[in-house]
Amino acid sequence: MTSAVDIVCLGEPMVELNQHEAGGAYHPGFGGDVSNAAVAAARQGARVALATALGTDVFGDSLRAMWKAEGVDDSEVKANPDAPTGIYFVTHGADGHRFSYRRAGSAASLYQPRDLPKDMLAKTRVLHFSAISQAISASACDACFAAVEQVRAAGGLISYDTNLRLALWPLARARAVIRFTIGMTDIILPGLDDARQICHAQDADGIADELLGLGAKVVALTMGGDGVLVATAERRETLAAHKVKALDATGAGDAFDGAFLAEYLRSGDAFAAAAHANAAAALSVTGYGAVAPLPRRADVEAFLAGKAG
Ligand SMILES: O=C(O)C(=O)C[C@H](O)[C@H](O)CO
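Each chain has its residues counted from 1, following the order in which its sequence is written. Confidence filtering applies because this is a predicted model: local features only for residues at pLDDT of at least 70, side-chain atom pairs given and counted only at 80 or more, and all residues used for totals across whole chains, interfaces and linings. The side-chain numbers reported here are obtained from all heavy atoms of the structure, hydrogens and water having been left aside.

**Q** Help me out: how do you make sense of the side chain of Arg-43 in this one?
**A** Strands are runs of DSSP state E lasting at least two residues, helices are runs of H or I lasting at least four, and both sets are numbered from the N terminus onward. Its location among the elements puts Arg-43 in helix H1 (residues 33-43). In this description, contact between two residues means that some pair of their heavy atoms is separated by no more than 4.5 Å. Excluding residues that lie within four positions of it along the chain, Arg-43 makes contacts with Glu-70, Val-291, Ala-292, Leu-294, Pro-295, Arg-296 and Arg-297.

Following this line, the structure appears as structure tokens:
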């Protein structure tokens, strides 16, 4: 019997090789946007599971070991002996971080609707996935839509990050799929740069209006140094960004997503959840890699208490 979880994260986990300094060594870590969000939520106390597939290789084994240590449920992660686990490299330049993928034909990209964990999806409170989960292949995209149908039929919430990666698909297709998907989501978590490519509006308020108009119930628009705009049909608030010494923004949006969902499920308050997630995301950029610097609940609370005091 599948035990109930709070959040099922659907998408591709990967091993990360992060070059901290130009010309320097690549440091191993973990990535994959929804896996990052899963760990971020677990570190805030949520019960989280992954729905995906991994290769039966050392990279897949290391992701499973990491999830075990983090308390993330991998019981529904398929093992595919015929396809590899994806990897990606992170390099840093004057214009920020850059990703180079080695993921074509990965086990996660071969994921199909029939691989979905039906029982788990019927019980979860939230399904979280992203446009990367859809961009990696047609079958993975089909699995996302099938999962949305199953979770909505069972009364769960749909959370979606637009994570636009134009190395994976062309903008016209991405925009069409993302705009259609937003119509099925309860919680939409875009970054401002993505939103400007997906929406007609270019200013934060106009983007929030457009996303609510497409059907989202809660919008949390992350705007880097300009903070976060949180909007529902009834209320709207901008939270200022926290000033921290930023080293690597890889996965900052995923840190926000996971912390937001964990806190939203705890309090039912999107504005309190965004304040918590805003602090978690700020802390996540103070170290290298998508997963290692993700803060725990105590870190976020201490940080916020320090700000208040
Ligand atoms: O870009 C991707 O597909 C990844 O999942 C790699 C990173 O971990 C992710 O982009 C960070 O948000």
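**Q** Sorry, what's going on with the site of the ligand here?
**A** Every one of the 13 residues lining the ligand counts as a neighbour, but Tyr-88, Tyr-101, Arg-103, Arg-165 and Asp-254 are closest to it. Nitrogen and oxygen atoms within 3.5 Å of one another constitute a polar contact, given that in protein one can donate a hydrogen and the other can accept it, and given that sequence-neighbouring residues count only through two side-chain atoms. At 2.5 Å, a side-chain N or O of Tyr-101 approaches an oxygen atom of the ligand. Within the side chain of Arg-103, one N or O atom sits 2.7 Å away from an oxygen atom of the ligand. Protein coverage of the free-state accessible area of the ligand, which is 320 Å², stands at 98%. Using a 1 Å grid laid over the protein atoms alone, points where a 1.4 Å probe fits but cannot get out form a cavity; open sets with protein on both sides within 12 Å along at least 5 of 7 lines form a pocket; any residue with an atom within 4 Å of a point counts as lining. To qualify as sitting in a cavity or pocket, a molecule needs more than half of its atoms within 2 Å of the grid points. With respect to the pocket detection grid, the ligand is positioned in the largest pocket. Of all the secondary structure elements, the ones that give two or more residues to the shell around the ligand are H1 and strand E8 (96-102). If even one non-hydrogen atom of a residue comes within 4 Å of a molecule or strand, that residue is called near it. Accessible areas in this description were obtained via Shrake-Rupley with a 1.4 Å probe; residue shielding takes into account the shown protein chains only.

**Q** How do you make sense of the UniProt feature "domain: Carbohydrate kinase PfkB" (unreviewed entry) in the protein chain when you look at a structure like this?
**A** UniProt positions are given in the numbering used here, feature names are shortened, and annotations may be inferred rather than shown by experiment. The feature "domain: Carbohydrate kinase PfkB" (unreviewed entry), as given by UniProt, occupies residues 7-295 in the numbering adopted here. From the first C-alpha to the last, residues 7-295 spans 18 Å; its make-up is 39% helix and 22% strand.

**Q** Before we go on, may I ask you to explain the confidence of the model for the protein chain in this structure?
**A** Predicted coordinates in regions of low pLDDT should not be interpreted in detail. Looking at any residue, its pLDDT shows the predictor's confidence there, from 0 to 100. With 99% of its residues at a pLDDT of 70 or more, the protein chain shows a mean pLDDT of 97. In the model output, the complex is listed with pTM 0.97 alongside ipTM 0.97.

**Q** Would you take a moment to explain helix H10 (residues 270-284) for this structure?
**A** Each α-helix winds once per 3.6 residues, and so residues spaced three or four apart point in a common direction. A rise of 1.5 Å per residue sets the reference length of H10, with its 15 residues, at 21 Å; its end C-alpha atoms lie 20 Å apart and thus fit the reference within 8%. Exposure is judged per residue with a 1.4 Å probe applied to protein chains only, and the accessible area is read against the type maximum: over 50% gives exposed, under 20% gives buried, and values in between give partly exposed. Buried residues dominate H10, accounting for 13 of its 15 residues. One side-chain oxygen at the N-terminal end of H10 lies 2.8 Å from the backbone nitrogen of Phe-271; it belongs to Asp-269. Expected helix span is computed as 1.5 Å times (number of residues minus one).

**Q** How should I be thinking about the pattern of salt bridges in this particular structure?
**A** Charged atoms that come close allow side chains of opposite charge to pair. Throughout this description, the term salt bridge denotes a Lys or Arg side-chain nitrogen within 4 Å of a carboxyl oxygen of Asp or Glu. Tallied over the full model, the rule gives 12 salt bridges. We note a salt bridge from Glu-70 to Arg-43, for which the minimum N-O separation is 2.5 Å. With Glu-70 in helix H2 (residues 58-70) and Arg-43 in helix H1, the pair connects residues that are 27 residues apart, well separated along the chain. Assessed through its relative accessible area of 16%, Glu-70 is described here as buried. In this structure, Arg-235 engages Glu-237 in a salt bridge whose closest nitrogen and oxygen atoms are separated by 2.7 Å. The class of Arg-235 is partly exposed, set by a relative accessible area of 40%. Each of Glu-263, Arg-266, Arg-297 and Glu-301 takes part in salt bridges that share partners, so that together they form one network.

**Q** What should I look at first to understand the pairing of strand E3 (residues 26-31) in this one?
**A** For a regular strand, side chains alternate in direction, first toward one face of the sheet and then toward the other. Looking at chain direction, strand E2 (residues 14-19) and E3 are connected through 6 bridges and run antiparallel. Paired with Met-14 across the bridge in E3 is Gly-31. Criterion used throughout: strands pair if DSSP finds at least two bridges between them. Between the antiparallel neighbours E2 and E3 lie 6 residues, among them Gly-23 with a positive phi of about 80 degrees.

**Q** Could you clarify how one ought to interpret the layout of surface pockets in this entry?
**A** If a probe the size of a water molecule is rolled over the atoms, the empty space left behind becomes visible. Of the voids in this model, the largest pocket is the one considered here, and its volume is about 1,200 Å³. Lining the largest pocket are 49 residues, and of these His-97, Thr-222, Ala-249, Ala-252 and Gly-253 sit closest to its centre. When residues of the lining of the largest pocket are traced back to their parent elements, those giving at least two are H1, E8, helix H7 (192-198), helix H9 (252-267) and H10. Here the term charged refers only to Asp, Glu, Lys and Arg, the term nonpolar to Ala, Val, Leu, Ile, Met, Phe, Trp, Tyr, Cys and Pro, and the term polar to all other amino acids, Gly among them. Of the residues belonging to the lining of the largest pocket, the class tally is 23 nonpolar, 16 polar and 10 charged. Grid points are joined across faces, edges and corners, and a volume is the space filled by probe spheres set on the points.

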